[in-house]
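Summary of structural features
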Amino acid sequence: MNLLAGNKYAVRAIRPDDWERVKELRLDALRDPVAHLAFLETYENAAAKPDSFWQDRAVTSGEGSTTARQFIAETADGRWAGSVTVLVEEAGTTDWAGFPVERRQGHVVGVFLRPEHRGNGLIEALFNAGVAWAWEQQAERVRLFVHEDNARAQAAYRKIGFAPSGLVVSFSKDEAEKELEFVLERSV
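Reading the values: rules and limits
- Residues numbered from 1 in each chain as written.
- Predicted model: local features only at pLDDT ≥ 70, side-chain atom pairs only at ≥ 80, totals over all residues.
- Heavy atoms only, no water.
- Core = buried A, V, L, I, M, F, W, Y, C linked by side-chain atoms within 4.5 Å.
- Buried < 20%, exposed > 50% of the residue type's maximum accessible area, 1.4 Å probe, protein only.
- Helix = DSSP H or I, 4+ residues; strand = E, 2+ residues; numbered from the N terminus.
- Contact = heavy atoms within 4.5 Å.
- 1 Å grid on protein atoms, 1.4 Å probe; cavity = no way out; pocket = protein on both sides within 12 Å on 5 of 7 lines; lining within 4 Å.
- Points joined across faces, edges and corners; volume = space filled by probe spheres on them.
- Nonpolar A, V, L, I, M, F, W, Y, C, P; charged D, E, K, R; others polar.
- pLDDT = per-residue confidence, 0-100.
- Phe/Tyr/Trp six-rings, centres within 6.5 Å; stacked < 30°, edge-to-face > 60°.
- Axes fitted to C-alpha atoms, helices over the stretch in contact; angles between N-to-C directions.
- Parallel < 35°, antiparallel > 145°, perpendicular 65-115°, else oblique.
- Pairing = 2+ DSSP bridges.
- Salt bridge = Lys/Arg side-chain N within 4 Å of Asp/Glu carboxyl O.

Moving on, we come to the nonpolar core. Counting residues in hydrophobic clusters, the biggest one holds 32 residues, and the most contacted among them are Val108, Leu126, Phe127, Leu144, Tyr157 and Phe162. Counting residues per element, the ones that place at least two in this core are strand 2 (9-13), strand 3 (68-75), strand 4 (80-89), strand 5 (105-113), helix 5 (122-136), strand 6 (141-147), helix 6 (151-159) and strand 8 (174-185). With ten residues, helix 5 is the largest single contributor of residues to this core. Those residues in contact with Val108 that lie beyond four places of it in its chain are Val84, Thr85, Val86, Phe127, Val142, Arg143 and Leu144. Counting 15 residues, the second-largest nonpolar core is a separate cluster that includes Trp19, Leu25, Leu30 and Ile72.

Set out below in structure tokens:
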């Protein structure tokens, strides 16, 4: 568990018994004003998923998983302030956009901070935990995709060391819109 800002937050991996809070945070994220740019699913689709979906998600991306890990920032009074999830993509596979994965890498998804917790360095603490875990999984780099119009997120990712790779893909919700790949290379 990592502490940030004078013990204001604890950053940790989720646990299987956190599934109800995983669901609550995701639904809150999907209500955010820029959710249509940041997430591929809608609030309505996520809210309709059965509890078994959320229970499975908490197991497959929680403590002990070697293929995905969701990190949350918890306030001193136990509220969840935000979350970052890192998926492991294996070399020789094909990614979500149909491109070949050329090397083992982490893929950051599901980035969300509640508005009252933005702008204080918390995003960096969450990313530090996620990136450190990716390195432990022998990832050679960590990447993410960000919508071309999501300037706030792009600025945050640049500030914590990610840079555009030059790869641009069509946004799955609207092929006329684009997403930019940002990467953080593992230093040797």
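Size it by volume and the largest pocket reaches roughly 1,200 Å³. Lining of the largest pocket is provided by 48 residues; of these, Ala38, Phe39, Val109, Gly110 and Val111 occupy positions nearest its centre. Counting only elements with at least two residues in the lining of the largest pocket, the list comes to helix 1 (19-29), helix 2 (35-38), strand 3, strand 4, strand 5, helix 5, strand 6 and helix 6. By residue number, the principal contributor to the lining of the largest pocket is strand 5, which donates seven residues. In the lining of the largest pocket, the residues fall into 26 nonpolar, 13 polar and nine charged. Reported here for the second largest pocket is a volume of approximately 150 Å³. Residue composition of the lining of the second largest pocket, grouped by class: four nonpolar, one polar and five charged.

Attention now moves to the confidence of the model for the protein. Reading fine detail from the predicted coordinates is not recommended where pLDDT is low. Of all residues in the protein, 94% have pLDDT values of 70 or greater, and the mean over the chain is 91. Put simply, strand 1 (residues 2-4) is where the protein has its lowest mean pLDDT, 53, and strand 4 is where it has its highest, 97.

On to the packing of aromatic side chains. Summed over all chains, the structure comprises five aromatic pairs. Relative to Trp54, the ring of Phe53 has its centre 4.9 Å away and its plane inclined at 90 degrees; by these criteria the two rings are edge-to-face. What makes Phe53 partly exposed here is its relative accessible area of 28%. By relative accessible area, Trp54 is classed as buried at 0%.

Turning our eyes to something else, we now look at the packing of helix 1 against helix 4 (residues 51-60). Packing of helix 1 against helix 4 leaves a shortest axis separation of 8 Å and a crossing angle of 105 degrees. For the element pair helix 1 / helix 4, the angle class is roughly perpendicular. Two secondary-structure elements touch here, helix 1 through Trp19, Val22, Lys23 and Arg26 and helix 4 through Asp51, Trp54, Gln55, Arg57 and Ala58. Across the contact of helix 1 with helix 4, the residue classes break down as four nonpolar, one polar and four charged.

This part is about the pairing of strand 2. Within strand 2, five of the five residues are buried, leaving the element largely enclosed by the surrounding structure. The two faces of strand 2 match: Tyr9, Val11 and Ala13 on one face and Ala10 and Arg12 on the other face are all buried. Here strand 2 pairs with strand 3 via five bridges, running antiparallel. Following the sheet pairing, Ala10 is matched in strand 3 by Glu74.

Pairing between side chains becomes possible if they bear opposite charge and their charged atoms approach one another. Enumeration over the complete set of coordinates arrives at 17 salt bridges. Between Arg31 and Asp28 there is a salt bridge, with the nearest N and O atoms lying 2.5 Å from each other. Members of the salt-bridge network, linked through shared partners, are Glu89, Asp95, Arg141, Arg143 and Glu181.

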